[in-house]
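# Report on the structure
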Amino acid sequence: NAGVTQTPKFRVLKTGQSMTLLCAQDMNHEYMYWYRQDPGMGLRLIHYSVGEGTTAKGEVPDGYNVSRLKKQNFLLGLESAAPSQTSVYFCAVMGLAGGDNEQFFGPGTRLTVL
Amino acid sequence: GNSVTQMEGPVTLSEEAFLTINCTYTATGYPSLFWYVQYPGEGLQLLLKATKADDKGSNKGFEATYRKETTSFHLEKGSVQVSDSAVYFCALSVTPNTGNQFYFGTGTSLTVIP
């Protein structure tokens, strides 16, 4: 039972390159989230999904796209990476019932854009 | 809107000292409140939660009481250990809430020295 996994763990990109981060879960949860964590800023929500085939924008969506083609996977894409996207990215999942349920987090992806 | 404000860090304490990390919130609707902990190199883990006013969440010697009158959810521990060194995040989730979004504070880094 792996819970929430993220691929890759580390990545270095050059400005303008593209990449996709993968979040996978075996918890069968409906909600999935992508956050970025920056010093002094805490966690900021990029995009989220309330179910397979649905996505919605969070607080800081610009420069990112997402897809949820399968319930267990949530992909975060950077089409043209910028240095401002250097950050640690966390995926989280949560079950359907109620607003006070726990969010379960993956281990994070550290991305550096040069 | 919904937001969380927590005390600035970093906080450095000697082993067995008393810990308080302040957290206050603003919320529309009916918030549930959470403390998450992040150990070095890992994702966030739920430490404790409270879902209604006057509830006390507790876990691993940590406690926090949901105070509606002061809109606060301060984290306390009577005697910290070196193993408590981590970053602590206060968070809230509001009902009703599209996508069950969580709102996180900026985090407070705690270092406990022997």
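All of the points below concern the structure found in this document.

What counts and what doesn't
Residues numbered from 1 in each chain as written. Chains lettered and ligands numbered in written order. Predicted model: local features only at pLDDT ≥ 70, side-chain atom pairs only at ≥ 80, totals over all residues. Heavy atoms only, no water. Helix = DSSP H or I, 4+ residues; strand = E, 2+ residues; numbered from the N terminus. Rg over C-alpha atoms; globule rule 2.2 N^0.38 Å. Contact = heavy atoms within 4.5 Å. Areas by Shrake-Rupley, 256 points an atom, 1.4 Å probe, with all protein chains shown as cover. Lys, Arg positive; Asp, Glu negative; His and termini not counted. Charge placed at Lys NZ, Arg CZ, Asp CG, Glu CD. Buried < 20%, exposed > 50% of the residue type's maximum accessible area, 1.4 Å probe, protein only. Pairing = 2+ DSSP bridges. Axes fitted to C-alpha atoms, helices over the stretch in contact; angles between N-to-C directions. Salt bridge = Lys/Arg side-chain N within 4 Å of Asp/Glu carboxyl O. Core = buried A, V, L, I, M, F, W, Y, C linked by side-chain atoms within 4.5 Å. Polar contact = N/O pair within 3.5 Å; in protein donor to acceptor, adjacent residues only side chain to side chain.

## Description of the overall build of chain B
On a plain count of helices and strands, chain B comes out with zero helices and twelve strands. Shown N-terminal to C-terminal, the secondary structure of chain B runs as helices and strands in the order β-β-β-β-β-β-β-β-β-β-β-β. For chain B, the C-alpha radius of gyration of 14 Å lies close to 13 Å, the compact-globule estimate for 114 residues. Counting only C-alpha atoms and orienting by the principal axes, one finds that chain B spans roughly 45 × 30 × 20 Å. Restricting to contacts in chain B with at least 6 residues of sequence separation, those with at least 24 account for 56%. Of the roughly 5300 Å² of accessible surface on chain B, 50% is carried by carbon and sulfur atoms. Here chain B contributes 7 positively and 10 negatively charged side chains, and the mean placements of these two sets differ by 9 Å.

## Observations concerning the overall build of chain A
A tally of helices and strands in chain A yields zero helices and eleven strands. Each helix (α) and strand (β) of chain A, taken in turn from the N terminus, gives the series β-β-β-β-β-β-β-β-β-β-β. Computed over C-alpha atoms, the radius of gyration of chain A comes to 13 Å, within 12% of the 13 Å expected from 2.2 N^0.38 for 114 residues, which places it in the range of a compact globule. With the principal axes as the frame, chain A shows a C-alpha extent of 40 × 30 × 25 Å. Across the 114 residues that make up chain A, the buried fraction comes to 49%. Within chain A, residue pairs in contact and separated by at least 24 positions form 55% of the contacts whose partners lie at least 6 positions apart. Here chain A displays about 5300 Å² of accessible surface, and carbon together with sulfur accounts for 53% of that area. Charge centroids of chain A, computed over 10 positive and 9 negative side chains, lie 10 Å from each other.

## Description of the sheet that holds strand 7 (residues 56-59) of chain B
Residues and elements named next belong to chain B. Reading across from one edge, 3-9-8-7 is the order of the four strands in this open sheet, with antiparallel pairing throughout. Edge positions in the open sheet fall to strand 3 (19-21) and strand 7, since each of these has one partner strand only. In this sheet, neighbouring strand axes are inclined to one another by 15° on average, regardless of whether the strands run parallel or antiparallel. Of the strand pairs in this sheet, strand 7 and strand 8 (residues 62-65) are connected by four bridges, and their pairing is antiparallel. Across the sheet, residue glycine 57 finds its bridge partner in strand 8, namely alanine 64.

## What to know about the pattern of salt bridges
Residue and element names in this part refer to chain A. All told, the structure shown has six salt bridges over all chains when counted by the stated rule. Here glutamate 30 ties to lysine 71 by a salt bridge, and the two come within 3.6 Å at their closest N and O atoms. Placement of the pair is glutamate 30 in the loop between strand 3 (19-25) and strand 4 (31-38) and lysine 71 in the loop between strand 7 (65-67) and strand 8 (73-78), with a sequence separation of 41 residues. Classification of glutamate 30 by relative accessible area gives partly exposed; the value is 22%. For lysine 71, a relative accessible area of 22% corresponds to the partly exposed category. Bridged by salt links that share partners, the residues Arg36, Asp38 and Arg44 form one connected network.

## Section: the nonpolar core
Counting residues in each nonpolar core, the largest one holds 26 residues, and the members touching the most others are Trp35, Leu47, Leu48, Phe73, Leu75 and Tyr88 of chain B. Put simply, the parts of the chain that give this core at least two residues each are strand 2 (11-14), strand 3, strand 4 (23-26), strand 5 (30-38), strand 6 (44-50), strand 8, strand 10 (86-95) and strand 12 (108-113) of chain B. Among the elements that take part in this core, strand 10 of chain B stands out by supplying five residues, more than any other. If we ignore the near neighbours within four places in the chain, the residues touching leucine 75 of chain B are Leu19, Thr20, Ile21, Trp35, Leu47, Leu48, Phe62, Glu63, Ala64 and Tyr88 of chain B. Grouped together as the second largest cluster of nonpolar side chains are 20 residues, Leu13, Ile46, Val60 and Val66 of chain A included.

## Quick word on the interface of chain B and chain A
Listed as interface residues are 22 residues of chain B and, on the opposing side, 23 residues of chain A. Between the two partners, chain B and chain A, sit zero salt bridges. Linking chain B to chain A there are three residue pairs in polar contact (both at pLDDT 80 or more). Counting residues per element, the ones that place at least two in the side of chain B that touches chain A are strand 5, strand 6, strand 10 and strand 11 (102-104) of chain B. If you tally residues by element for the side of chain B that touches chain A, the top one is strand 5 of chain B, at four residues.

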